[in-house]
Amino acid sequence: MISRCYLEITNVCNLNCLFCPKTERKAQSMTREEYDTILARLVGEVRFLYFHLMGEPFLHPSLPYFVRSAREKGFVPVITTNGTLTGRGEEVLQALPHKIQVSLHSHEGNGREDLESYMEGVMTFAVNAADRGIIMVLRLWNQGGYDSSNDKILELAARYIPRPWTERYDGWKLAENIYLEYDNMFEWPDQGREEYGQEEVFCYALRNQIGILVDGTVVPCCLDSAGAVRLGNIFQETLPEILSSPRAQRMYHAFSRHKASEPLCRRCGYASVTKRFRK
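Only a predicted model underlies this, so the values are computations on that prediction, with no experimental measurement involved.

Q: How should I be thinking about the overall build of the chain in this particular structure?
A: Each helix and strand in the chain was counted, giving 9 helices and 11 strands. The C-alpha radius of gyration computed for the chain amounts to 19 Å, which stays within 12% of the reference 19 Å derived for 279 residues, consistent with globular compactness. Its C-alpha atoms put the chain at 55 × 45 × 35 Å along the principal axes. A buried classification covers 54% of the 279 residues belonging to the chain. When contacts within the chain are restricted to residue pairs at least 6 apart in sequence, long-range pairs at least 24 apart make up 69% of them. For the chain, the computed accessible surface area is about 12700 Å², with 47% contributed by carbon and sulfur atoms. Mean positive and mean negative side-chain charge positions of the chain (33 and 35 charges, respectively) differ by 5 Å.

Rendered as structure tokens:
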């Protein structure tokens, strides 16, 4: 079973963050019928359903339905959001996602919102969600990049959840069900970039994660924002058929040998900067 499927329910976003690769694909949002078809094909094949790839999930009017339907069918629904649309979130919270991840670093990388009002919305939403048993992860994945506002962000967070916080290996536990997480800024994989030249490469793509773009295209992971590594289409094939295709199998077995068979993977800054994929 694949642990995580990153499902792009829309590729439309309300921000224009500097660190985001954007997408030149046609603006599109998934219909309920398309979503139901995908879920039917993923039942028993995937555990965690992450509403995340390109796009802002809170822009999709059917997000509460998507979350509720996923949970009822046995998936564990997780949402990743930039946190600017939390005012629309009550219906989403009623649907009871397992976890919501808020990319706080989108503020400085975009510069559109007033930081104090942004953090007021995020923290009010986080406390409300946590009270319902939903795990909230506030992410500052900007170390070494757009991180000059981090101290101010922590100061504002403390207005709503006073210190002391419990220190963790990747940040802090602020309160029950509320975490603040640090990580390095990284470069998204880009076909136009030179290869990183790593002697060894390992990735969990196709082992415990896949991505599905809004048009049903199956890609190896959540960082293939352009659909460069198209393994099949979930509307036309089953997931086992797609994962057993020659291209998917080449990727899987190459990573088993600590090699990358795809040019995009050899240009992945996520693995290069963080060394996460050293098995």
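Read on, since the account is not over.
Q: I'm lost on helix 6 (residues 150-160) in this one. Help?
A: In an α-helix, one turn spans 3.6 residues; hence positions three or four apart end up facing the same way. Those residues of helix 6 that fall on the buried side of the exposure criterion are Asn150, Ile153, Leu154, Leu156, Ala157 and Ala158. Against helix 5 (115-131), strand 5 (135-143), strand 7 (171-175) and strand 8 (178-184) lie the buried residues of helix 6.

Q: Looking at this model, I keep getting lost on the pairing of strand 8. Mind explaining?
A: Here is the key point about a regular strand: its side chains alternate between the two faces of the sheet. Burial analysis of strand 8 places 5 of its 7 residues in the buried class, the great majority of the element. Both strand 5 and strand 8 contribute to a ladder of 6 bridges, which runs parallel. Each residue of the ladder has a partner; that of methionine 136, found in strand 8, is isoleucine 178. As defined by bridge partners, strand 7 adjoins strand 8 across 4 bridges and the pair is classed as antiparallel. Paired with lysine 173 across the two strands is tyrosine 179, which belongs to strand 8. Taken together, strand 7 and the strand that follows it, strand 8, pair antiparallel across an intervening segment of 2 residues, in which asparagine 177 is found at a positive phi of about 75 degrees.

Q: Before we go on, may I ask you to explain the environment of asparagine 110 in this structure?
A: Counting through the fold element by element, asparagine 110 comes out in helix 4 (residues 106-110). Note: C-alpha distance between asparagine 110 and phenylalanine 19 (91 residues apart in sequence) is 8.5 Å. With sequence-adjacent residues up to four places away left out, asparagine 110 is seen in contact with Leu15, Asn16 and Cys17.

Q: Looking at this model, I keep getting lost on the nonpolar core. Mind explaining?
A: Where a protein is soluble and globular, its nonpolar side chains tend to be buried together. Grouped together as the largest cluster of nonpolar side chains are 88 residues, with contacts concentrated most on Leu42, Leu49, Phe51, Leu138 and Leu174. Sorting elements by how many residues they give to this core places helix 5 first, with 9 residues. If we skip the residues at most four places from it in the chain, leucine 42 touches Cys5, Leu49, Phe75, Ile212, Ile234 and Leu239.

Q: Help me out: how do you make sense of the packing of helix 5 against helix 6 in this one?
A: For any two helices packed against each other, one specifies the inter-axial angle together with the distance between the axes. Contact pair helix 5 / helix 6: the axes reach a minimum separation of 10 Å and the direction vectors enclose 45 degrees. By the angle between their axes, helix 5 is oblique relative to helix 6. Considering the relative orientation of helix 5 and helix 6, their crossing is right-handed. On helix 6, the residues touching Leu115, Glu116, Met119, Glu120, Met123 and Thr124 of helix 5 are Lys152, Ile153, Leu156, Ala157, Arg159 and Tyr160. The residue inventory of the contact of helix 5 with helix 6, partitioned by class, reads 7 nonpolar, 1 polar and 4 charged.

Q: Sorry if this is basic, but what is going on with the sheet that holds strand 10 (residues 217-219) here?
A: Strand pairing in a sheet relies on backbone hydrogen bonds, with the paired strands running either antiparallel or parallel. Read across the open sheet, the 11 strands follow the order 6-7-8-5-4-3-2-1-9-10-11; overall the sheet is mixed. Unpaired on one side and paired on the other, strand 6 (166-168) and strand 11 (232-233) mark the two borders of the sheet. Where helix 1 (residues 32-42) meets the sheet, it contacts strand 1 (2-7), strand 2 (46-51) and strand 9 (209-212), and its direction lies at approximately 150 degrees from that of strand 2. Of the strands in this sheet, strand 4 (99-103), strand 5, strand 7 and strand 8 are in contact with helix 5, which crosses strand 5 at around 145 degrees.

Q: So what exactly am I meant to see when it comes to unusual backbone geometry here?
A: Across residues other than glycine, the phi torsion is negative in most instances, and most of the peptide bonds are trans. Put simply, arginine 163 and proline 164 share a cis peptide bond, and its omega is 10 degrees. Here the phi dihedral of asparagine 177 falls at roughly 75 degrees; this positive angle occurs in a residue that is not glycine. Within the secondary structure, asparagine 177 sits in the loop between strand 7 and strand 8.

Scoring rules and cut-offs
Residues numbered from 1 in each chain as written. Predicted model: local features only at pLDDT ≥ 70, side-chain atom pairs only at ≥ 80, totals over all residues. Heavy atoms only, no water. Helix = DSSP H or I, 4+ residues; strand = E, 2+ residues; numbered from the N terminus. Rg over C-alpha atoms; globule rule 2.2 N^0.38 Å. Buried < 20%, exposed > 50% of the residue type's maximum accessible area, 1.4 Å probe, protein only. Contact = heavy atoms within 4.5 Å. Areas by Shrake-Rupley, 256 points an atom, 1.4 Å probe, with all protein chains shown as cover. Lys, Arg positive; Asp, Glu negative; His and termini not counted. Charge placed at Lys NZ, Arg CZ, Asp CG, Glu CD. Pairing = 2+ DSSP bridges. Core = buried A, V, L, I, M, F, W, Y, C linked by side-chain atoms within 4.5 Å. Axes fitted to C-alpha atoms, helices over the stretch in contact; angles between N-to-C directions. Parallel < 35°, antiparallel > 145°, perpendicular 65-115°, else oblique. Left-handed = near helix turned anticlockwise from the far one by under 90°. Nonpolar A, V, L, I, M, F, W, Y, C, P; charged D, E, K, R; others polar.

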